[in-house]
Amino acid sequence: MHRSAPRLSRILACAAVPVMLVVAGCSSDSGDKKESGSSESSVSPSASKKAEPTVEPAKFAALPDPCKSITKKTVTSLVPSAKSKNGTAAKSSDITSRAGCSWNGLDDNGVKGSQYRWLDVGFTRFESDQALGSGAKRAQQDFAKQVDKAKATEGAKKVVETPAAGIGDQASTIAYDLSKTGEDFKYVTVVTRTENVVITLTYNGAGYAGAKTPSAGDIMKGAEKAAREAVAAVAAGTDSGDKSGSATPDEKATDKADDPKSSGGKTDDDQSDDTKKSTDKKKTSAHKSSVRTAG
């Protein structure tokens, strides 16, 4: 009896060893899993995401004073008897994004008749937008729109579009003839883009009371000169002052610029009617007075 008791104790002790080893092995595996899980969870989900592409910022953050974007010297040359050398500004709710100005006048040459001229410039600036694209890209789209709009002018004849080199980043001139109140008008619209700004400039003229119709070449030359100055004003970020240097152009295309009423001027019908009434008064003092109120 006394011998069998110690022997039984040794057997029970040996039997317990495998159980302890199994328990130890399980606790070891559990620890490895925890460490592995902890390592994986330490990686931030956002780190694996790619950064969203951003659009290029718009270059120009403001527009120049439209009525100072063309020098007084050029205005005097293109519109000799302008009612206001300072121009008539277009109404705008945000002049940093949309602005315009126009000049018009009738140059009375007595028995040689009268020459009517009208000049209008409009600017539209586009901001960069994550959903719509960069300001420059949006301006390119508007540039094409304004070119098509000028080519589709109601009543326009002999429409000719020509790429214009050296005026902004891209430019086109649209020349055409337009008849109003029995007179032949020569028109040139210059649509140009400089970075994120589109400029639409229109220059036209007609001869009254026997005066000759201005040549298409002179109207084209004048329009391009004014367009270059408007572009330079955008690039400078201010008005062009009273200097008439040769600046590289940069222009606008806006709905207001294409619509004379919205750009501070008058429609072609209004222009023609006013000038026709003036010249019909046979160069009297009343005629001169009506010219001052035309446009």
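Keep in mind the model is a prediction, meaning the values are calculated, not measured. (Residues numbered from 1 in each chain as written. Predicted model: local features only at pLDDT ≥ 70, side-chain atom pairs only at ≥ 80, totals over all residues. Heavy atoms only, no water.)

I70, W103, L119, V121, F123 and I199 are the most contacted members of the largest nonpolar core, which has 32 residues in total. For this core, the secondary-structure elements that each account for two or more residues are α2 (72–78), β2 (98–108), β3 (114–125), β5 (170–180), β6 (183–194), β7 (197–208) and α4 (216–236). Counting residues per element, this core draws most heavily on α4, at eight residues. Within the second largest apolar cluster, 17 residues are counted, among which are L106, F126, L178 and A206. (Core = buried A, V, L, I, M, F, W, Y, C linked by side-chain atoms within 4.5 Å. Buried < 20%, exposed > 50% of the residue type's maximum accessible area, 1.4 Å probe, protein only. Helix = DSSP H or I, 4+ residues; strand = E, 2+ residues; numbered from the N terminus.)

As for its position among the elements, A232 is in helix α4. Relative accessible area serves as the criterion here: at 17%, A232 is assigned to the buried category. It is 9.3 Å that separates the C-alpha atoms of A232 and I167, two residues lying 65 residues apart in sequence.

All chains considered together, the criterion is met by four aromatic pairs. On the basis of an interplanar angle of 45° and a centroid distance of 6.3 Å, the ring pair of F185 and Y187 is categorised as tilted. Looking at F185, the relative accessible area reads 1%, which means it is buried. Judged by its relative accessible area of 3%, Y187 falls in the buried class. (Phe/Tyr/Trp six-rings, centres within 6.5 Å; stacked < 30°, edge-to-face > 60°.)

Let us look at the sheet that holds β2. With antiparallel pairing, the seven strands of this open sheet are ordered in space as β1-β2-β3-β7-β6-β5-β4. Every other strand in the sheet has two partners, leaving β1 (88–89) and β4 (157–163) as the edge strands with one partner each. In the sheet, β2 pairs with β3 via eleven bridges, with the strands oriented antiparallel. Across the sheet, residue S102 finds its bridge partner in β3, namely D120. Along the sheet, α4 makes contact with β3, β5, β6 and β7, crossing β7 at roughly 150°. (Pairing = 2+ DSSP bridges. Contact = heavy atoms within 4.5 Å. Axes fitted to C-alpha atoms, helices over the stretch in contact; angles between N-to-C directions.)

On to unusual backbone geometry, then. A positive phi is found at K158, a non-glycine position, where the angle reads about 55°. Structurally, K158 can be placed in strand β4. The backbone phi angle of A209 is positive, close to 55°, even though this residue is not glycine. Mapped onto the elements, A209 comes out in the loop between β7 and α4. Given the relative accessible area of 40%, A209 is considered partly exposed.

All right, on to helix α3 (residues 135–151) then. Here α3 is 17 residues long and its end C-alpha atoms lie 25 Å apart, about the 24 Å a rise of 1.5 Å per residue gives. Where α3 is concerned, the buried positions are G135, A139, D142, F143, Q146, V147 and A150. Along the axis of α3, the buried residues cluster in a sector spanning 145°; they form a single face. (Expected span 1.5 Å × (residues − 1). Arc of directions from axis to C-beta.)

This part is about the pairing of β7. Along β7, twelve of the twelve residues are buried, which leaves the element largely enclosed by surrounding structure. Going residue by residue along β7, you find V197, I199, L201, Y203, G205 and G207 tucked away on one face and V198, T200, T202, N204, A206 and Y208 tucked away on the opposite face as well. Examined bridge by bridge, β3 and β7 share twelve bridges and lie antiparallel to one another. Paired with W118 across the two strands is N204, which belongs to β7.

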